[in-house]
Amino acid sequence: MTELKNDLLLKALLREPTERTPLWIMRQAGRYLPEYREVRAQAGDFMSLCRNPELACEVTMQPLRRYKLDAAILFSDILTVPDALGLGLYFEAGEGPKFERPVQSTAQIGKLAVPDVSETLGYVFDAVRTIRRELDGQVPLIGFAGSPWTVGTYMVEGGSSREFPIIKGLAAEAPAALDSMLDIVARTTTEYLNAQVEAGAQAIMIFDTWGSALERDDYLRFSLAPMQKIVDGLTRQNEGRRIPVILFTKGAGVLLKDMVATGCDALGVDWTTSLADARQYTGDKVALQGNLDPATLRESPEVIRQGVADTLASYGKGPGHVFNLGHGVTPDIDPDHVAVLVDAVHELSPQYH
Ligand code: 1CP
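In this report, the structure presented in the accompanying data block is examined. (Residues numbered from 1 in each chain as written. Predicted model: local features only at pLDDT ≥ 70, side-chain atom pairs only at ≥ 80, totals over all residues. Heavy atoms only, no water.)

## Focus on the overall build of the chain
- Across its full length, the chain holds 16 helices and 11 strands.
- Along the longest, intermediate and shortest principal axes, the C-alpha atoms of the chain span 60 × 45 × 40 Å.
- Here the chain holds 353 residues, and the buried ones make up 60% of them.
- Pairs at least 24 apart in sequence give 73% of the contacts found in the chain among residues at least 6 apart.
- Total accessible area computed for the chain in this model is approximately 13,900 Å², and 47% of it derives from carbon and sulfur atoms.
- The centroid of the 34 positive side-chain charges in the chain is displaced by 2 Å from the centroid of its 47 negative side-chain charges. (Helix = DSSP H or I, 4+ residues; strand = E, 2+ residues; numbered from the N terminus. Buried < 20%, exposed > 50% of the residue type's maximum accessible area, 1.4 Å probe, protein only. Contact = heavy atoms within 4.5 Å. Areas by Shrake-Rupley, 256 points an atom, 1.4 Å probe, with all protein chains shown as cover. Lys, Arg positive; Asp, Glu negative; His and termini not counted. Charge placed at Lys NZ, Arg CZ, Asp CG, Glu CD.)

## Comments concerning the site of the ligand
- For the ligand, the set of nearby residues contains 22 residues, the closest of which are Tyr-36, Arg-40, Tyr-154, Ser-160 and His-327.
- At a separation of 2.7 Å, a nitrogen atom of the ligand approaches a polar side-chain atom of Asp-77.
- Calculation on the ligand without its partners gives an accessible area of 890 Å², and the protein chains cover 89% of this total.
- For the ligand, the cavity whose grid points lie within 2 Å of the majority of its atoms is the largest pocket.
- Here the shell around the ligand is composed, by residue class, of 13 nonpolar, 5 polar and 4 charged. (Near = heavy atom within 4 Å. Polar contact = N/O pair within 3.5 Å; in protein donor to acceptor, adjacent residues only side chain to side chain. 1 Å grid on protein atoms, 1.4 Å probe; cavity = no way out; pocket = protein on both sides within 12 Å on 5 of 7 lines; lining within 4 Å. Sits in = over half its atoms within 2 Å of the grid points. Nonpolar A, V, L, I, M, F, W, Y, C, P; charged D, E, K, R; others polar.)

## Examining helix α9 (residues 148–157)
- Counting buried positions along α9 gives 10 out of 10 residues, so the element sits mostly inside the fold.
- Every buried residue of α9 is accounted for by Pro-148, Trp-149, Thr-150, Val-151, Gly-152, Thr-153, Tyr-154, Met-155, Val-156 and Glu-157.
- At the exit of α9 stands Gly-158, carrying a positive phi of roughly 90°.

## Details of the packing of α9 against helix α10 (residues 165–173)
- Running from N to C, α9 and α10 cross one another at 110°; their axes reach a closest spacing of 8 Å. Relative to α10, α9 is oriented roughly perpendicular. Facing α9, whose interface residues are Trp-149, Gly-152, Thr-153, Val-156 and Glu-157, α10 presents Pro-165, Ile-166, Ile-167 and Leu-170.
- Class assignment of the residues belonging to the contact of α9 with α10 gives a composition of 6 nonpolar, 2 polar and 1 charged. (Axes fitted to C-alpha atoms, helices over the stretch in contact; angles between N-to-C directions. Parallel < 35°, antiparallel > 145°, perpendicular 65-115°, else oblique.)

## Digging into the layout of surface pockets
- By volume, the largest pocket amounts to about 1,500 Å³.
- Together, 44 residues line the largest pocket, and Arg-27, Arg-31, Asp-77, Phe-91 and Pro-97 are the ones closest to its centre.
- Of all the secondary-structure elements, those providing two or more residues to the lining of the largest pocket are α2 (34–43), β2 (89–92) and β3 (96–99).
- Of the residues assigned to the lining of the largest pocket, the class counts are 23 nonpolar, 12 polar and 9 charged. (Points joined across faces, edges and corners; volume = space filled by probe spheres on them.)

## Section: the packing of α2 against helix α4 (residues 53–66)
- Relative to each other, α2 and α4 sit at 170°, their axes nearing to 10 Å. The angle between the axes of α2 and α4 places the two elements in the roughly antiparallel class. Between α2 and α4, the residues in contact are Pro-34, Glu-35, Tyr-36, Val-39, Gln-42 and Ala-43 and Leu-55, Glu-58, Val-59, Gln-62 and Arg-66, respectively.
- Considered class by class, the residues forming the contact of α2 with α4 number 6 nonpolar, 2 polar and 3 charged.

## Concerning empty space enclosed by the protein
- Enumeration over the complete set of coordinates arrives at 1 cavity of 30 Å³ or more.
- Taken as a whole, the largest cavity holds about 40 Å³ of empty space.
- Forming the boundary of the largest cavity are Thr-21, Leu-312, Tyr-315, Gly-316, Gly-318, His-321, Tyr-352 and His-353.
- Residues belonging to the lining of the largest cavity are distributed by class as follows: 3 nonpolar, 5 polar and no charged.

## Observations concerning the sheet that holds strand β10 (residues 287–292)
- With parallel pairing, the 7 strands of this open sheet are ordered in space as β1-β4-β5-β8-β9-β10-β11. Each edge of the sheet is formed by a strand with only one pairing partner; in this case those strands are β1 (72–73) and β11 (321–325).
- Bridge count for strand β5 (residues 203–208) against strand β8 (residues 245–249) is 5 bridges, and the pairing is parallel. From the neighbouring strand, Asp-208 faces β8, where its bridge partner is Thr-249.
- Lying on the sheet, helix α11 (residues 175–199) is in contact with β4 (141–146) and β5; it crosses β4 at an angle near 170°. (Pairing = 2+ DSSP bridges.)

## Regarding α11
- Taking 1.5 Å as the rise per residue, α11 with 25 residues should run 36 Å; its terminal C-alpha atoms sit 36 Å apart, in good agreement.
- Downstream of α11 by a residue or two, Gly-200 has a phi angle that is positive, lying close to 135°. (Expected span 1.5 Å × (residues − 1).)

## Some details on the packing of aromatic side chains
- Per the stated rule, a full pass over the model turns up 6 aromatic pairs.
- Here Tyr-36 and Phe-75 contribute two aromatic rings whose centre-to-centre distance is 5.6 Å and whose plane-to-plane angle is 50°, an arrangement assigned as tilted. Taken together, the residues span a long stretch of sequence, with Tyr-36 in helix α2 and Phe-75 in the loop between β1 and α5 (80–84) at a distance of 39 residues.
- Taking relative accessible area as the criterion, Tyr-36 reaches 4% and is therefore assigned buried.
- A relative accessible area of 8% means that Phe-75 is categorised as buried.
- Ring geometry for Phe-46 against Phe-91: centres 4.9 Å apart, planes inclined by 65°, an arrangement best described as edge-to-face. Separated by 45 residues along the polypeptide, Phe-46 in helix α3 (residues 46–51) and Phe-91 in strand β2 bring together distant segments of the chain.
- One aromatic cluster is present, formed by Tyr-36, Phe-46, Phe-75 and Phe-91 through successive ring pairs. (Phe/Tyr/Trp six-rings, centres within 6.5 Å; stacked < 30°, edge-to-face > 60°.)

The following block contains the structure:
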């Protein structure tokens, strides 16, 4: 295996000292980049892009050519897992993800089974191997999946949702059936992530975008417990290095205290919780990743620099911070503004180490 030339991300995720704060950006490959839109058009549709390892590799590399980032993230989507479960994922122009066969009854849940991931998701592992080859040790590669709850909201609602009426109905009226659906997603996701590690992913992130839509007790049962099952089953060592695991429940707030106990290495934090508070909640037991509001990238270079300065100051001194946005970069952002953010982190972060 090629030697890793920049291991700042892996060190920071394990709370080891670094000379500056490493950074990457959620959705760093995506529609705000004109070169992404070009490849996406060439692929035809989003899933054809994900299923083509050369094109998925190309869009993964695009942000690294523009910016001094400390990680690459696999180009794929959290909804490849329910697609592998047979739900029929498709994207309608301008409408986001949809499923041909959503799971809306206990009878349909009873028919779900853990698929052979090497058969159904082999294109993702091919993409991971292709990206690792192309990276040639430049920076580490992050693999990822959605949390069972977040993936479950799309499986049950049939697409994006704001209120989650059908899955919340299941949680209230058939909680045991919902547990068993989430268990199948958790077991599939564990195999999926371990195969990503085997193919070359060097850190793992679990995206729980909708966990904080649940009240606390339901969060613990339907969101955190299935994530815990995944963490328990993950391969934590490969190529002679630890594979750090990052959990990100958007809007977690004080739930960060509960998340620490999963045994993850790091927690993603969005901008509704200051990093200073998050550090108190977690008692420096895990690394923290975040948390500038992506809306800041619409503002002037001065405002962006100030936002970076405030974020770094809020975490304060010491190891264990990975700079990121609090959620993904949006399609309307000017790529030059992202460069301002990246340069500011390089320039302003050494004083904290
Ligand atoms: O039109 C397009 O080109 C498709 C837009 C797009 C992109 C760029 C989708 C469809 N997925 C992705 C890539 C993607 N999705 C990545 C790539 C790696 C990177 O960060 O660069 C990742 C990590 C995701 C994860 C993802 N997909 C999440 C969790 C993180 C988050 O942003 O909250 C979720 C909720 C999804 C579902 C999804 N897939 C695509 C869209 C537009 C959505 C969101 C729909 C919704 O808001 O409900």
